[in-house]
Amino acid sequence: MGDRLPRPRDADPGGARSWCCSSRGWAAILRLVALILIGYAVAVILLMFFEESLVFFPSPYPQGNWSPRGLRIEDAEFTAADGTRLHGWYLPRADSRGAVLFSHGNAGNITHREEILRRLHHVTKVSVLIFDYRGYGRSQGKPSEAGVLADARAARDWLARRENLPPERLILMGESLGGAVAVHLAAEGPARGLILESTFTSLPDVAAHHFPWVPVRLLMRTRLDALSKIKDYRGPLLQCHGDQDTIVPYELGRRLFEAANEPKQFITFAGGDHNDLRDVSYYEKLGEFVAGLE
């Protein structure tokens with residue numbers, strides 16, 4: 001009666017505890033993975049929701065210097081096809097080598113390109129219209145891909161009327177995002193010449209460089225695909241890019257250039273970053289390019 005029963009050999013309380021601890025460990029790992037995936041999904045959704053805010057960085061009026069010295073500026077006011085009221089600055093020149101429509105980048109407004117205008121007018125010796133996209137400067141509305149392209153078309157029409165020229169006799173020029181806008185205009189109809197500064201192949205390509213952990217090429221709605229458009233432009237092209245560009249990688253500029261038709265030329269700014277002001281010699285080269293246009 002007092003004898004103890006022998007314990008079965010497979011009864012191992014320690015092993016049961018080990019299995020229990022192991023299962024709890026896996027559960028914790030799975031919870032961590034789930035949290036990471038949820039966080040990733042939320043981040044991607046937020047990027048998609050705020051996409052246009054991450055692409056366009058407008059500075060509305062009165063931000064900027066609206067009374068620049070040494071520039072005889074005319075205010076240009078015109079309307080896009082959808083009725084949006086737009087504003088720009090026009091700098092006429094009596095002995096102009098040509099009329100340039102300048103499309104600026106995705107940040108600021110026309111006032112932040114004062115020194116560029118000065119050099120184009122005085123050194124390159126051209127008449128210039130620079131305009132603000134909707135939501136920038138004194139232009140009404142909110143920017144979007146379709147909107148900025150409509151704004152550029154309206155600006156081109158205004159400049160053609162003011163210069164008493166057909167639109168195909170205008171020189172299209174753009175920096176960064178504005179370069180993609182200029183490519184779209186040039187692809188839609190002839191232009192006397194096309195000048196691109198620090199321009200990309202497409203916005204998703206730029207976003208993929210800055211957000212490599214997000215499938216932006218699949219998700220982005222705003223594309224401004226210059227690479228697919230530039231093949232439709234068959235006039236003279238002058239393109240430049242800094243080889244230390246931290247915003248739009250130099251390689252994207254080269255890819256865009258390689259896809260373009262002849263005649264074309266490429267200028268590399270050694271050590272140049274995205275927002276560097278180009279020196280006077282560059283604007284002298286622009287003058288030579290414009291003077292050589294038919």
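To keep things clear, this report deals only with the structure shown in the data block. (Residues numbered from 1 in each chain as written. Predicted model: local features only at pLDDT ≥ 70, side-chain atom pairs only at ≥ 80, totals over all residues. Heavy atoms only, no water.)

**A closer look at the overall build of the protein chain**
To keep things clear, this is the line we draw: Under the scheme used here, helices are H or I runs from DSSP no shorter than 4 residues and strands are E runs no shorter than 2 residues, and both carry numbers assigned from the N terminus. Only protein chains enter the area calculation, which uses a 1.4 Å probe; residues under 20% of their type maximum are buried, those over 50% are exposed, and those in between are partly exposed. We call two residues in contact when some of their heavy atoms are within 4.5 Å. Computed with a 1.4 Å probe, the accessible areas rest on the Shrake-Rupley method; for each residue, only the protein chains presented here act as cover.
Within the protein chain, the secondary structure is distributed over 10 helices and 10 strands. Counting across all 294 residues of the protein chain, residues that qualify as buried make up 47%. Taking the intrachain contacts of the protein chain between residues at least 6 apart in sequence as the baseline, contacts between residues at least 24 apart amount to 71%. For the protein chain, the accessible surface area stands at approximately 15200 Å², while carbon and sulfur atoms represent 56% of it.

**Section: the packing of helix α3 (residues 114–124) against helix α10 (residues 280–291)**
Helix-helix packing: each pair is described by the crossing angle between the helix axes and the interaxial distance. So the rule is basically this: Orientation is described by lines fitted to C-alpha atoms, with helices fitted over the stretch in contact, and by angles between N-to-C directions that extend from 0 to 180 degrees. For this classification, under 35 degrees means roughly parallel, over 145 means roughly antiparallel, 65 to 115 means roughly perpendicular, and everything else is oblique. Handedness of a crossing is defined here by the sense of rotation of the near helix relative to the far one, left-handed for an anticlockwise turn of less than a right angle and right-handed for a clockwise turn. Three classes are used, and their members are as follows: Ala, Val, Leu, Ile, Met, Phe, Trp, Tyr, Cys and Pro are nonpolar, Asp, Glu, Lys and Arg are charged, and the others, Gly among them, are polar.
Contact geometry for α3 and α10: axes closest at 9 Å, N-to-C directions at 55°. On the basis of their axis angle, the class for α3 and α10 is oblique. Like other packed secondary-structure pairs, α3 and α10 cross with a definite hand, here right-handed. Here α3 contributes Ile116, Arg119, Leu120, Val123 and Thr124 to the contact with α10, which in turn contributes Val280, Tyr283, Glu284, Leu286, Gly287 and Val290. A per-class count over the contact of α3 with α10 returns seven nonpolar, two polar and two charged.

**Examining unusual backbone geometry**
Between Tyr61 and Pro62 the backbone carries a cis peptide bond, its omega angle lying at 15°. By the element assignment, Pro62 lies in the loop between β1 (57–58) and β2 (74–79). With an omega of 0°, the peptide bond between Glu262 and Pro263 qualifies as cis. By the secondary structure assignment, Pro263 is in the loop between α9 (250–259) and β10 (264–269). Backbone geometry at Leu224 places phi at a positive 40°, although glycine is not the residue there. With respect to the element layout, Leu224 can be found in the loop between α7 (216–219) and α8 (226–229). Its relative accessible area of 0% is what places Leu224 among the buried residues.

**Observations regarding a nonpolar patch on the surface**
We apply this condition: A patch consists of residues exposed above 30% relative accessible area that lack any salt bridge, with like charges linked at up to 9 Å and nonpolar side chains (Val, Leu, Ile, Met, Phe, Trp, Tyr) linked at up to 5 Å. Each salt bridge in this description consists of a side-chain nitrogen of Lys or Arg and a carboxyl oxygen of Asp or Glu lying within 4 Å of one another.
A cluster of nonpolar residues, Trp26, Ile29 and Val33, forms a patch on the protein surface that exposes about 310 Å² of accessible area. Along the chain, the position of Ile29 falls in helix α1 (residues 13–49).

**Overview of the side chain of His104**
Take His104: it is sitting in the loop between β4 (99–103) and β5 (107–108). By relative accessible area, which is 0% here, His104 ends up buried. Beyond its immediate sequence surroundings of up to four residues, His104 is in contact with Asn109, Ile110, Arg113, Ile130, Phe131, Asp132, Tyr133, Tyr136, Glu175, Leu177 and Gly178.

**Digging into the sheet that holds β10**
Two strands in a sheet stick together by hydrogen bonds in their backbones, pointing the same way (parallel) or opposite ways (antiparallel). For clarity, the threshold we go by: DSSP bridges decide pairing: two strands pair if at least two such bridges lie between them.
With mixed pairing, eight strands are arranged side by side in an open sheet as β2-β3-β6-β4-β7-β8-β9-β10. Edge positions in the sheet fall to β2 and β10, since each of these pairs with one other strand and no more. Here the average twist between neighbouring strands, direction ignored, is 20°. With six bridges connecting them, strand β9 (residues 237–242) and β10 associate as parallel partners. Looking at the pairing, Cys240 lines up with Ile267 of β10. Along the sheet face, helix α4 (residues 145–163) touches β2, β3 (85–91), β4 and β6 (127–132) and points at about 125° away from the line of β2.

The analysis is restricted to geometry; functional conclusions fall outside its scope.
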